[in-house]
Amino acid sequence: MAAERGNLFDPTLVTDLISKVRGKSSLAALSGQTPIPFNGLKEFIFSMEKEIDIVAENGKKTEGGIKVEPVKIVPIKFEYGARVSDEFLYATEEEQIEILAAFNDGFAKKVAKGLDLAAFHGINPRTGAASNVVGTNHFDSKVTQKVTYAKGTPDVNLDAAIAAVQGADGDVTGMAFSTAFGADMATVKENGVRQYPEFRFGASPNSLGGMAVSVNNTVYNATVKDHAIVGDFQSAFKWGFSKEIPMEIIKYGDPDNSGKDLKGYNQVYIRAEVYIGWGILVPEYFARVVEGA
């Protein structure tokens, strides 16, 4: 069926998009995806402040205490659009599918990068500026445990960051590295022997010391200068897509506010939107290795 305004991506393309997002996004690679309702959801974090009690038979019981804090995860809209020749409208169905598949491939990469930039640093990926929509819902704002990055000893920095997480009773299930940090790992030697050769030549191994790893240029931000983020990505962070992914073929007007009418330039506009929500449920279960922290 030919694409019309308001259609949804084919289910096969949606599955392909999600798979590619997981491959390019550090956050998606290190954590599991959870469906997010369009109106958002609340995750309740329970903190039991005391240890379990041993009570003798007929003995007196005492209160342990509990603290409940809700974390609201609200999906926000990510959009991407591009102009193509209006010959798209007259192409065969097979040719249209090929064009949309290529668009889907590029869109997946942009969504993956956008998720990391917004959730790690709170910025609008297109402008590079802080996003009012994201607000403080990002790692740079919420994760206050920091270790100063010392080039040449990245493994020592990791040990300190992991110790900080464990000191807060958290588990470390994953680590996200900047490309510079990954390259630094490759240089670490002991008695002249490289300790982490799997990071050489810009490689990004999937694991290190039994934990998931992702090396990505989305981790570093020129303002905050993160080089590594470690913590419990499996339990203390949640993210997911909300609603089906709509795709529009727009034939008229100036949808990208470029000042150029589509009809006047024999073009149509392909636009895709996706709603993604995320939440850092327990910020203390993460630590950042930061330059100049």
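Residues numbered from 1 in each chain as written. Predicted model: local features only at pLDDT ≥ 70, side-chain atom pairs only at ≥ 80, totals over all residues. Heavy atoms only, no water.

**Notes on the overall build of the protein**
Put simply, the rule is: Secondary structure is summarised from DSSP: a helix means a run of H or I of at least four residues, a strand means a run of E of at least two, and numbering begins at the N terminus for each. Each residue is placed in one exposure class: buried if its accessible area under a 1.4 Å probe, protein chains only, is under 20% of its type's maximum, exposed if it is over 50%, and partly exposed if it falls in between. Residues count as neighbours in contact if any of their non-hydrogen atoms are within 4.5 Å of one another.
The secondary structure content of the protein amounts to six helices and 14 strands. For the protein, with 293 residues in total, the buried portion stands at 43%. For the protein, restricting intrachain contacts to residue pairs at least 6 apart in sequence, the fraction spanning at least 24 positions comes to 76%.

**Some words on the sheet that holds strand 14 (residues 286–290)**
What counts here: At least two bridges found by DSSP between two strands is the condition for calling them paired.
Taken in spatial order, the six strands line up as 4-14-10-5-9-8 in an open sheet, and their pairing is mixed. In the strand order of this sheet, the two ends are held by strand 4 (146–148) and strand 8 (207–208), each with one partner. For strand 4 and strand 14, the ladder comprises three bridges, and the chain directions are parallel. Considered in strand 14, the bridge of Thr 148 is made with Val 290.

**Re the pattern of salt bridges**
Rule in force here: Any Lys or Arg side-chain nitrogen located within 4 Å of an Asp or Glu carboxyl oxygen qualifies as a salt bridge.
Applying the stated rule across the entire model yields ten salt bridges. What you see here is one network of salt bridges that share partners, running through Asp 16, Lys 20, Asp 105 and Lys 109.

**Considering the pairing of strand 9 (residues 211–215)**
Most of strand 9 is tucked away, with four of its five residues classed as buried. Two elements, strand 5 (residues 174–177) and strand 9, share four bridges in a ladder whose sense is parallel. Within the sheet, the bridge partner assigned to Ala 176 lies in strand 9 and is Ser 214. Both strand 8 and strand 9 contribute to a ladder of two bridges, which runs antiparallel. Counterpart to Ser 207 in the pairing with strand 9 is Ala 212. Two successive antiparallel strands, strand 8 and strand 9, enclose a turn made up of two residues, where Gly 209 displays a positive phi of approximately 60 degrees.

**Observations concerning unusual backbone geometry**
At Asn 257, a position not held by glycine, the phi torsion is positive, near 55 degrees. Structurally, the position occupied by Asn 257 is in the loop between strand 12 (247–250) and strand 13 (267–280). For Asn 257, a relative accessible area of 68% gives the class exposed. The phi dihedral of Asn 266 is positive, around 50 degrees, even though this residue is not glycine.

**Quick word on the nonpolar core**
Put simply, the rule reads: By nonpolar core we mean a set of buried residues, namely Ala, Val, Leu, Ile, Met, Phe, Trp, Tyr and Cys, connected to one another through side-chain atoms within 4.5 Å.
Counting residues in hydrophobic clusters, the biggest one holds 49 residues, and the most contacted among them are Phe 9, Val 21, Phe 107, Phe 139, Trp 239, Ile 276 and Trp 278. Counting only elements with at least two residues in this core, the list comes to helix 1 (11–24), helix 2 (26–30), strand 2 (67–73), strand 3 (76–85), helix 3 (93–121), strand 11 (237–242), strand 12 and strand 13. With ten residues, the single largest contributor to this core is helix 3. Not counting residues within four places of it along the chain, the set of residues in contact with Val 21 comprises Ala 28, Ala 108, Val 111, Ala 112, Trp 239 and Phe 241. In this structure, Val 147, Phe 177, Val 188 and Phe 199 belong to the second largest nonpolar core, which totals 23 residues.

**Notes on the packing of aromatic side chains**
Here the distance between the centres and the angle between the planes together describe a pair of aromatic rings. Selection criterion: Classification of ring pairs uses Phe, Tyr and Trp, with its six-membered ring standing for Trp, and accepts pairs whose centres are within 6.5 Å; under 30 degrees between planes counts as stacked, over 60 as edge-to-face, and the remaining range as tilted.
Taken as a whole and judged by the stated rule, the model has eleven aromatic pairs. On the numbers, 6.2 Å between centres and 20 degrees between planes, the contact of Phe 103 with Phe 107 is stacked. Of this pair, Phe 103 and Phe 107 both sit in helix 3, four residues apart, which is roughly one turn of that helix. Each member of the pair, Phe 103 together with Phe 107, is buried.

**A short note on the confidence of the model for the protein**
Short version of the rule: On a range of 0 to 100, pLDDT expresses the predictor's confidence in each residue.
Predicted confidence across the protein gives a mean pLDDT of 87, with 89% of residues reaching 70 or more. Every residue in residues 1–5 is under pLDDT 50, and counting partners more than four places away or in other chains gives 14 contacts.

**Examining the packing of helix 1 against helix 3**
Stated precisely, the cut-off is as follows: To obtain each axis, a line is fitted to C-alpha atoms, and for helices this fit is confined to the stretch in contact; angles are then taken between N-to-C directions over 0 to 180 degrees. For classification purposes, an angle smaller than 35 degrees is called roughly parallel, one larger than 145 roughly antiparallel, one from 65 to 115 roughly perpendicular, and anything else oblique. Left-handed describes a crossing in which the near helix is turned anticlockwise from the far one by less than a right angle; the clockwise case is right-handed. As a working rule, the residues Ala, Val, Leu, Ile, Met, Phe, Trp, Tyr, Cys and Pro are called nonpolar, Asp, Glu, Lys and Arg charged, and the rest polar, with Gly in that last group.
Where helix 1 contacts helix 3, the two axes come as close as 8 Å, and the packing angle between them is 40 degrees. Comparing their axes, helix 3 and helix 1 come out oblique. Viewed along their axes, helix 1 and helix 3 form a crossing whose handedness is right-handed. Contacts from Leu 13, Asp 16, Leu 17, Lys 20, Val 21 and Lys 24 of helix 1 reach helix 3 at Leu 100, Ala 101, Asn 104, Asp 105, Phe 107, Ala 108, Lys 109, Val 111, Ala 112 and Asp 116. Looking at side-chain class alone, the contact of helix 1 with helix 3 contains nine nonpolar, one polar and six charged residues.

**Some points on the pairing of strand 5**
The alternating pattern of strand 5 places Gly 174 and Ala 176 and Met 175 and Phe 177 on opposite faces, both of which are buried. By the bridge criterion, four bridges tie strand 5 to strand 10 (residues 226–231) in an arrangement that is antiparallel. Opposite Gly 174, over in strand 10, you have Gly 231 as the bridge partner.

**Some thoughts on the environment of Val 215**
Counting through the fold element by element, Val 215 comes out in strand 9. Once residues within four sequence positions are removed from consideration, Val 215 is found in contact with Phe 177, Ser 178, Thr 179, Phe 199, Ala 203 and Ser 204.

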